[in-house]
Amino acid sequence: MKNIALILSVIFAMVVACETTPKKTTPEQSAGLKLPNGVSVRETPRGSVLNLANNREVKFSFDRTVEIGSYEDAYNLVYQVINDNPGIRIMVEGNSSKEGRARYNYNLSQRRADKSYNYLIKLGTQNSKLLKNAFGEALPEYSELEANRRSEFIIIMNEDDLKKYNDFAKTLDVNKEVE
């Protein structure tokens, strides 16, 4: 357990020091997580985000909660990560593009988080393994508008990870219009 805490501390220090585009890690660098082929972890200021390769992502149509693309594969991979790592929880995070008003986009991203959360529950994930949050347009990580219409999945291994996530979330204003 001390090794995991040490690894997380080092990763946190690197993220804070860099303040650059999030970087992917290999499964071997992911603090002992068992990850399926094609899945890696992207370290961000809010925590460890599952990176689902080969366009297996949860993306949404404009102004909708209807998933597009290979979302079923993405949900199955997240479900597998949860099952292969019984000590973790996953923060299901809804996001939107900046098209429209900030308050509307926040509500839309809440519905997207709900949709992803419920899909994982239908696959058999226990409620206790999932958390959810929404950022609306406040977290535009991608330059293409459609890429920001997404759900992402953040690994919560312990209370420190949850605190890191919540502390980051407090820095964002979901009511502010993104330019």
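Overview of the structure. Computed from a predicted structure; not experimentally measured.

## Quick notes on the overall build of the chain
Along its length, the chain carries four helices and eight strands. Evaluated residue by residue, the chain yields a buried proportion of 45% over its 179 residues. Element-wise, carbon and sulfur atoms account for 53% of the exposed surface of the chain, whose accessible area totals about 9500 Å².

## A look at the pattern of salt bridges
One pass over the full model with this rule turns up 15 salt bridges. Between Glu 93 and Arg 46 there is a salt bridge, with the nearest N and O atoms lying 3.0 Å from each other. In this pair, Glu 93 is assigned in strand E6 (residues 89–95) and Arg 46 in the loop between strand E2 (39–44) and strand E3 (47–52), connecting sequence segments 47 residues apart. Residues Glu 93 and Arg 46 agree in their burial class; the two are buried.

## Quick word on the side chain of Ser 109
Mapped onto the elements of the fold, Ser 109 is located in helix H3 (residues 102–123). Contact partners of Ser 109, with chain neighbours within four places excluded, come to Gly 94, Asn 95, Ser 96, Ala 134, Phe 135 and Gly 136.

## So, the pairing of E3
Here E3 lies mainly inside the structure; six of its six residues are buried. Note that E2 and E3 share six bridges and pair antiparallel. Paired with Val 41 across the two strands is Leu 50, which belongs to E3. Hairpin geometry of E2 and E3 is characterised by an intervening segment of two residues between the two adjacent antiparallel strands. In the sheet, E3 pairs with strand E8 (residues 150–156) via two bridges, with the strands oriented antiparallel. Opposite Ser 48, over in E8, you have Ile 155 as the bridge partner.

Conventions and cut-offs
- The written sequence of each chain sets the order in which its residues are numbered from 1.
- Confidence filtering applies because this is a predicted model: local features only for residues at pLDDT of at least 70, side-chain atom pairs given and counted only at 80 or more, and all residues used for totals across whole chains, interfaces and linings.
- For the side-chain quantities, the full set of heavy atoms in the structure was used; hydrogens and water were omitted.
- A helix here means a DSSP run of H or I that spans at least four residues, while a strand means a run of E at least two residues long, and both kinds are numbered starting from the N terminus.
- The classification of residues rests on relative accessible area computed with a 1.4 Å probe and restricted to protein chains. Under 20% of the type maximum is buried, over 50% is exposed, and intermediate values are partly exposed.
- Only the protein chains shown count as cover for residues, and all accessible areas are computed by the Shrake-Rupley method using a 1.4 Å probe.
- A pair is scored as a salt bridge if a Lys or Arg side-chain nitrogen falls within 4 Å of a carboxyl oxygen belonging to Asp or Glu.
- Here, residues are in contact when the closest pair of their heavy atoms is within 4.5 Å.
- Here the rule is simple: two strands pair whenever DSSP picks up at least two bridges between them.

Read these as geometric descriptors, not functional statements.
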